[in-house]
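Residue-level listing of the chains:
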Amino acid sequence: MDRVVIFDTTLRDGEQSPGASMSVEQKLEIAVQLGRLGVDVIEAGFPVSSPHQLEGCKLIAKQVRGPTIAALARAVEKDIDSAAESLRDAERPRIHTFLATSPIHMQYKLRKSPEEVLELAVRSVRYARNKVAEVEFSPEDGTRSEIPFLCRVIEKVIDAGARIINVPDTVGYTMPTEFAEFLRAIIEGTPNMDKAVLSVHCHNDLGVAVANSLAAVRAGARQVEVTVNGIGERAGNACLEEFVMALSVRNDLHPYSTGINTKQIWNTSRLVSTTIGFPIPRNKPITGENAFAHESGIHQDGVLKKRETYEIMTPESVGRDSSQLVLGRHSGLHGFRNRLAELGFELSEEELKTAYDQFLVVADRKKEVYDDDLYVIVSHHLGRSADTINLEYFNIISGNVSVPTATVRLTMGEERFEEAATGDGPVDAIFNAIDRALGLTAQLLEYVVQAVTPGRQAMGEVSVSLSIDGRKFVGRGASTDILEASARAYVNAVNRWKTFQAATRTETESDDTV
Ligand SMILES: [Zn+2]
């Protein structure tokens, strides 16, 4: 009873963050890393919502061993069938079905009476139980539901075979003390609650998702739904690494354990960040660049004398290697491979070769290659599919008296696209040339440059966000040349748009979330 199950929904709720869509290969890569991190459950997606989602769930169910693989389904047979199909090859499949139980959702969204909702919930859980042994039920908008009704629904779905009852704070409205009382009332009001595991799913709209999750554990919850870097709908979900480290550092307050190998936290956070193109804020707890940096002289002095004066946990405990082994162009394939393995990357021979070639290009331009450079190299140059657009070449003429002019050549499989354009500055000219080459009308919403590692020869990483067809897509690119990084970031965002297009071509009407 002192074990808290970590249910990771980075690939489902996390992927619902605007601009965070991932390719099937990227999802698999993250799922494999989540397995290494030691999560108990991976929610792989919402299979009925698109063929792309179905494919992603199937691939993860087939290839990832260890964690339970969950798939989301509304309380309708079509969804449950799709979830069951996606999990056919899973070692430990779980169907996660949900139905709203709050007055506002029942009345306006579902247009159903409470009795109809109760009946539908029971029928769906029973239906799902005929497909897989493990069924999780979420009363959507749980925290705004009426407790007596919620208890009735929970009692009946447990009778129907649900083994996990997940109470979501779908709209991120509740507060820690209130949530704890709410959950205690549910435990008390549900006679068969001991036959199921109580779970929570908190959103961070008011910045208390992790605090709510911790309060829930103290109130009796034994599964917590989280995402890496706290990504998710709107302001995101409870953050995995913050929750796990809070539980671990303040184990005196919450004497519970998880199966997480905290030394994999740093890698996992970096992998998710570079995959979806969301930078980690410098001051982010646990995994931000500054999370263990001591600036003030008094603090530095204290830490040098005794670390615990200003550090409540060590960087090593979350997998941040303070040795920061530096590689150079003479490091060789062997050293490169070893360092990547230490950082948690397992690459195929072919991927390793591609990454190594890229490493040599970087090592040629800058003398020292840091771990953060390696994360960028690996994540930017792997997982490309055949229809991905690649930047083959660009040339730029610029200066303070000439009109900046750019020429670009892009390739997609066998196809080539080449164009030239002018712009207000060199970056603008490159972006215009790419638009023209691809026949695209994209609007640039955001453009950020940052250095990945210290020094004048640092790799620059560029993040852009584009609006294409009224939707936002983010992209990232890295190079020791910021113009090249800019072009790569732009192309990366365009590739995300293409992935999204492919994914949504036959998307169903579903917009529901938990
Ligand atoms: Zn959610």
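For the structure, check the block above.
All values derive from a computational prediction rather than experimental measurement.

(A) Main features of the overall build of the chain. Of the regular secondary structure elements, the chain holds 16 helices and 14 strands. In summary, the chain has a C-alpha radius of gyration of 24 Å against a globular reference of 24 Å for 514 residues, a match within 12%. Judged by the C-alpha coordinates and their principal axes, the chain covers about 75 × 60 × 40 Å. Counting the 514 residues in the chain, one finds 55% classified as buried. Intrachain contacts of the chain at a sequence separation of at least 6 include 67% that bridge at least 24 residues. For the chain, the computed accessible surface area is about 22200 Å², with 50% contributed by carbon and sulfur atoms. In the chain, 56 side chains carry a positive charge and 72 a negative one; their mean positions are 2 Å apart.

(B) Examining the side chain of H96 more closely. Along the chain, H96 falls in strand β4 (residues 93-100). Separated by 2.8 Å, the side chains of H96 and E43 make a polar contact. Among the polar contacts made by the side chain of H96, one reaches the side chain of S138 at a distance of 2.6 Å.

(C) Representation of the side chain of S124 in the model. Summarising the element assignment, S124 is placed in helix α5 (residues 114-129). Side-chain polar atoms of S124 contact the backbone oxygen of A75, separated by 3.1 Å.

(D) Looking closely at the pairing of strand β14 (residues 471-479). With 7 of 9 residues buried, β14 is to be regarded as a mostly interior element. Two strands pair when backbone bridges link them, and strand β13 (residues 460-468) and β14 are joined in this way by 9 bridges, in the antiparallel orientation. Looking at β14, one finds that I468 is bridged to R471. In sequence, β13 turns back onto β14 through a hairpin of 2 residues, with D469 there showing a positive phi of about 55 degrees.

(E) Focus on the sheet that holds β13. With antiparallel pairing, the 3 strands of this open sheet are ordered in space as β12-β13-β14. With one partner strand each, in any of the chains shown, β12 (443-451) and β14 form the two edges of the open sheet. The average angle at which neighbouring strand axes cross in this sheet is 15 degrees, direction not considered. Pairing geometry for β12 and β13, over 8 bridges, is antiparallel.

(F) Representation of helix α10 (residues 265-276). Between the first and last C-alpha of α10 there are 17 Å, a value that for 12 residues agrees with the 16 Å anticipated at 1.5 Å per step. Turning to α10, its buried residues number three or more, namely I265, W266, N267, T268, S269, R270, L271, V272, S273, T274, T275 and I276. Where α10 terminates, the next one or two residues include G277, which has phi positive at roughly 80 degrees.

(G) Summary view of helix α6 (residues 147-159). Here α6 is 13 residues long and its end C-alpha atoms lie 18 Å apart, about the 18 Å a rise of 1.5 Å per residue gives. On the buried face of α6, the contacting elements are α4 (103-110), α5, β5 (134-140), β6 (164-169) and α7 (176-189).

(H) Geometry of the environment of F431. Tracing the backbone shows F431 in helix α15 (residues 426-438). Measuring from C-alpha to C-alpha, the distance between F431 and T441 comes to 10 Å, with 10 residues separating the pair along the chain. Discounting chain neighbours no more than four positions away, the residues touching F431 are L444, Y447, V464, S486, A487 and Y490.

(I) Representation of the state of the cysteines in the model. In this structure the tally under the stated criterion is 0 disulfides. Cysteine C239 shares no disulfide, and the gap to the nearest cysteine sulfur, in C202, comes to 13 Å.

Reading the values: the criteria
- Residues numbered from 1 in each chain as written.
- Predicted model: local features only at pLDDT ≥ 70, side-chain atom pairs only at ≥ 80, totals over all residues.
- Heavy atoms only, no water.
- Helix = DSSP H or I, 4+ residues; strand = E, 2+ residues; numbered from the N terminus.
- Rg over C-alpha atoms; globule rule 2.2 N^0.38 Å.
- Buried < 20%, exposed > 50% of the residue type's maximum accessible area, 1.4 Å probe, protein only.
- Contact = heavy atoms within 4.5 Å.
- Areas by Shrake-Rupley, 256 points an atom, 1.4 Å probe, with all protein chains shown as cover.
- Lys, Arg positive; Asp, Glu negative; His and termini not counted.
- Charge placed at Lys NZ, Arg CZ, Asp CG, Glu CD.
- Polar contact = N/O pair within 3.5 Å; in protein donor to acceptor, adjacent residues only side chain to side chain.
- Pairing = 2+ DSSP bridges.
- Axes fitted to C-alpha atoms, helices over the stretch in contact; angles between N-to-C directions.
- Expected span 1.5 Å × (residues − 1).
- Disulfide = S-S within 2.5 Å.

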